[in-house]
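# Tertiary structure, described
Each chain, letter by letter, is given below.
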Amino acid sequence: MLLELLISLIIGATLIGIGVHFIPVGGAPAALSTSAGIPTGAPMITVGMGITGILAASSVIGQSDLIMVLYGAVGSMIMISVTMFFSNIIHVFGVGVPLASSNFEKDPLTGFNQEGYVSPGTTGHGIPTISFVSGLIGAFLGGVGGSLAFSSIYIVLSNNLQYSLVVNVTIATIFSLLLFFIVAVMASYNIGGTIQGFYDEKFRKKILPGTVSCFLISVILSIIYVFVIWGLIYG
Amino acid sequence: MADDLIPNQIITLVTIIGGLLCIYGTNISILGGILAIVASILAAVLGTNTLRHVGKYSLGTGVPSIVYMLTAVALVSYLTGIVVSLYLNQTWIFPLISLIIAAIISLTVSEICKHIFNIQIEILSKSFISIAVASLLLMMSMSTLVAKSYEPSLIIDNVINNGMIIFIMIASVMVIQNPYNACMGPNEDQYRTLSLSVANGFLMLVILSAISLLTTEYWIYYMIISVIGWFIFFRKYVLYTKHQAASIRRYGLWPIDDGDD
């Protein structure tokens, strides 16, 4: 039982770390429309995504594992797509810039040649189609990871402890949120600034060290988590 | 940045020893809450002062994220410390063991940052350990104010099982990272940043002492102390800001015309 918990925690935390790399993050330059991507830092958007995913997963508590995991993933995807959609609306109708990025010439999904639409002196603005799709993939991976950790901790607690349902959900939420906080910041140190999703050149350079480091930190955290949960059950 | 008037080593030493002693004294009936307030103010000062040093370097993402990650690390070690002390049945071991575990995890994180991400900052490990310890002491003293004791079983009942620990975590992130984020720049000054940090700490303690009305009848004294402390230190912050500004001009509300005449 605890071995299964360890494995699912490691898989979940590593999936969160990989998912962060897929999200198109623009940081502060994107808030000034001088860079493409979501106009905030990677840790902030990932923590928001994680909270929404865990909230969605905890709303179907008591159902089977698969449903909880899928609900979490869908919750994260809804959150991130709403964020990107309204960011695009503000960029197009408020700021008045077209959605384009200079990191790639042609959008592979729409075939739209965006070179002429990037303002001189900037690296793009808004979230182009391929980055939008990449953000959805990232949110799916992050949501699956977070709700996998949440549901596995919850199931172990509810099978072995005499606490009420609310307390079990609270403890599982605290643990899975802390995974998001730590792993997302590690991944964003690896990204270092802005990234435009999986079609970006930077993604290919950064994904391998990112996966390795997220795996390492998730192994350490998962061992500590399993130890704490073992202590809560048998201590 | 101007030279530091209080060296970081002295702040670290005073905070770790004084903070631990204050946390161990929180079982005393009315004095306990005051000791918890003292410990949280000391921890806020240590966290912000360390962040001032490491925040000058570019880590690839914003300043708040360092504090977010290290506060999460501190919370993990806090929970581990609770479980260890419950398992060994020794209450006094809980603050000490959490401190040691926080130092170990944050050292591991900083080694990963150094060797895999190639972040070349000499003071990285030291700063990470120091911020993690500071946020751990801050969260611990805030939760002892609510739980009225540092006993792990009481903390589990009053702080963790109702999920208040997440609120305490976000509050401690706010106390540590907000002052440096607000004051950073070329003429950032130690006294100004730290006075804002102490003011923020008192502001959070006002809310926490209102929450502690569930567990203690002395909550009103803690609240009065926190409000007075917030007033004194925020006033100090405003005075330092005025003192260090190049010039101060007052404007009224929005001008009706373009202001040409």
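Computed from a prediction, not measured in an experiment: that's the story for all the values here. (Residues numbered from 1 in each chain as written. Chains lettered and ligands numbered in written order. Predicted model: local features only at pLDDT ≥ 70, side-chain atom pairs only at ≥ 80, totals over all residues. Heavy atoms only, no water.)

### Focus: helix α7 (residues 201-234) of chain A
Since there are 3.6 residues in each turn of an α-helix, residues three or four apart along the chain are aligned in direction. Here α7 of chain A contains 34 residues, and its C-alpha end-to-end distance of 49 Å stays within 8% of the 50 Å for a straight helix at 1.5 Å per residue. Along α7 of chain A, the largest kink reaches about 40° and is centred on Ile207 of chain A; proline Pro209 of chain A follows within four residues of it. (Helix = DSSP H or I, 4+ residues; strand = E, 2+ residues; numbered from the N terminus. Expected span 1.5 Å × (residues − 1). Bend = angle between axes of the 7 residues up to and from the residue.)

### What about the interface of chain A and chain B?
On the side of chain B, 35 residues touch chain A, which itself brings 34 residues to the contact. The three residues of chain A that bury the most area against chain B are Ile174, Phe181 and Tyr189 of chain A, which together make up 24% of that side's buried surface. The interface formed by chain A and chain B holds zero salt bridges in total. Between the two partners, chain A and chain B, sit zero residue pairs in polar contact (both at pLDDT 80 or more). Elements supplying a minimum of two residues to the side of chain A that touches chain B: α3 (42-58), α6 (165-191) and α7 of chain A. Among the residues forming the side of chain A that touches chain B, the class breakdown is 26 nonpolar, eight polar and no charged. (Contact = heavy atoms within 4.5 Å. Buried area = accessible area lost by both parts, 1.4 Å probe. Salt bridge = Lys/Arg side-chain N within 4 Å of Asp/Glu carboxyl O. Polar contact = N/O pair within 3.5 Å; in protein donor to acceptor, adjacent residues only side chain to side chain. Nonpolar A, V, L, I, M, F, W, Y, C, P; charged D, E, K, R; others polar.)

### Side note on the pattern of salt bridges
Tallied over the full model, the rule gives two salt bridges over all chains. Of the charged contacts in the structure, one is a salt bridge between Glu201 of chain A and Arg204 of chain A, with a shortest N-O distance of 3.3 Å. In this pair, Glu201 of chain A and Arg204 of chain A are both assigned in helix α7, three residues apart and thus about one turn of the helix distant. Of the charged contacts, one joins Arg52 of chain B and Glu188 of chain B as a salt bridge, the two residues approaching to 2.7 Å between their closest N and O atoms. Residue Arg52 of chain B is located in helix α2 (residues 31-54), and its partner Glu188 of chain B is located in the loop between α7 (164-183) and α8 (190-211); the two are separated by 136 residues in the primary sequence. Taken individually, Arg52 of chain B and Glu188 of chain B each receive the classification buried, so the pair is uniform in this respect. (Buried < 20%, exposed > 50% of the residue type's maximum accessible area, 1.4 Å probe, protein only.)

### Details of the packing of helix α5 (residues 124-147) of chain B against α8 of chain B
How two helices sit against one another is set out by the angle between their axes and by the gap between those axes. Residues and elements named next belong to chain B. The interhelical angle for the contact between α5 and α8, taken along N-to-C directions, is 30°, at an axis separation of 8 Å. Regarding the angle of α5 to α8, the classification is roughly parallel. Crossing handedness for the pair α5 and α8: right-handed. Counted together, Met142, Leu145 and Val146 of α5 and Met204, Leu205, Leu208, Ser209 and Ile211 of α8 form the full contact between these two elements. For the contact of α5 with α8, a count of residues per class yields seven nonpolar, one polar and no charged. (Axes fitted to C-alpha atoms, helices over the stretch in contact; angles between N-to-C directions. Parallel < 35°, antiparallel > 145°, perpendicular 65-115°, else oblique. Left-handed = near helix turned anticlockwise from the far one by under 90°.)

### Here's the deal with empty space enclosed by the protein
Here the structure, examined in full by the defined rule, presents one cavity of 30 Å³ or more. For the largest cavity, the calculated volume is near 120 Å³. Of all elements in the fold, only α6 and α7 of chain A together with α3 (63-88) and α6 (152-160) of chain B reach the threshold of two or more residues within the lining of the largest cavity. Across the lining of the largest cavity, the residue classes tally to eleven nonpolar, one polar and no charged. (1 Å grid on protein atoms, 1.4 Å probe; cavity = no way out; pocket = protein on both sides within 12 Å on 5 of 7 lines; lining within 4 Å. Points joined across faces, edges and corners; volume = space filled by probe spheres on them.)

### A few points about the packing of helix α1 (residues 2-22) of chain A against α7 of chain A
Residues and elements named next belong to chain A. Interaxial distance between α1 and α7 falls to 7 Å at its minimum, and their mutual angle equals 150°. The pairing of α1 with α7 is recorded here as roughly antiparallel in orientation. Crossing of α1 against α7: the hand is right-handed. Among the residues making up the contact of α1 with α7, the classes are represented as 18 nonpolar, seven polar and one charged.

### Focus: the environment of Gly193 of chain A
Residue and element names in this part refer to chain A. Positionally, Gly193 belongs in the loop between α6 and α7. Accessibility expressed as a relative area gives 38% for Gly193, which makes it partly exposed. Separated by 168 residues in sequence, Gly193 and Val25 have C-alpha atoms that sit 7.9 Å apart.

### Describing the nonpolar core
Membership of the largest hydrophobic core comes to 139 residues, with the highest contact counts inside it found for Ile153, Leu178 and Tyr189 of chain A together with Ile66, Tyr78, Phe128 and Ile160 of chain B. Looking at which element gives the most residues to this core, the answer is α6 of chain A, with 19 residues. Excluding its chain neighbours within four sequence positions, the residues that come into contact with Ile160 of chain B are Thr170 and Ile174 of chain A together with Tyr78, Leu79, Ile82, Ile155 and Ile165 of chain B. (Core = buried A, V, L, I, M, F, W, Y, C linked by side-chain atoms within 4.5 Å.)

Taken by themselves, the reported measurements are silent on function.
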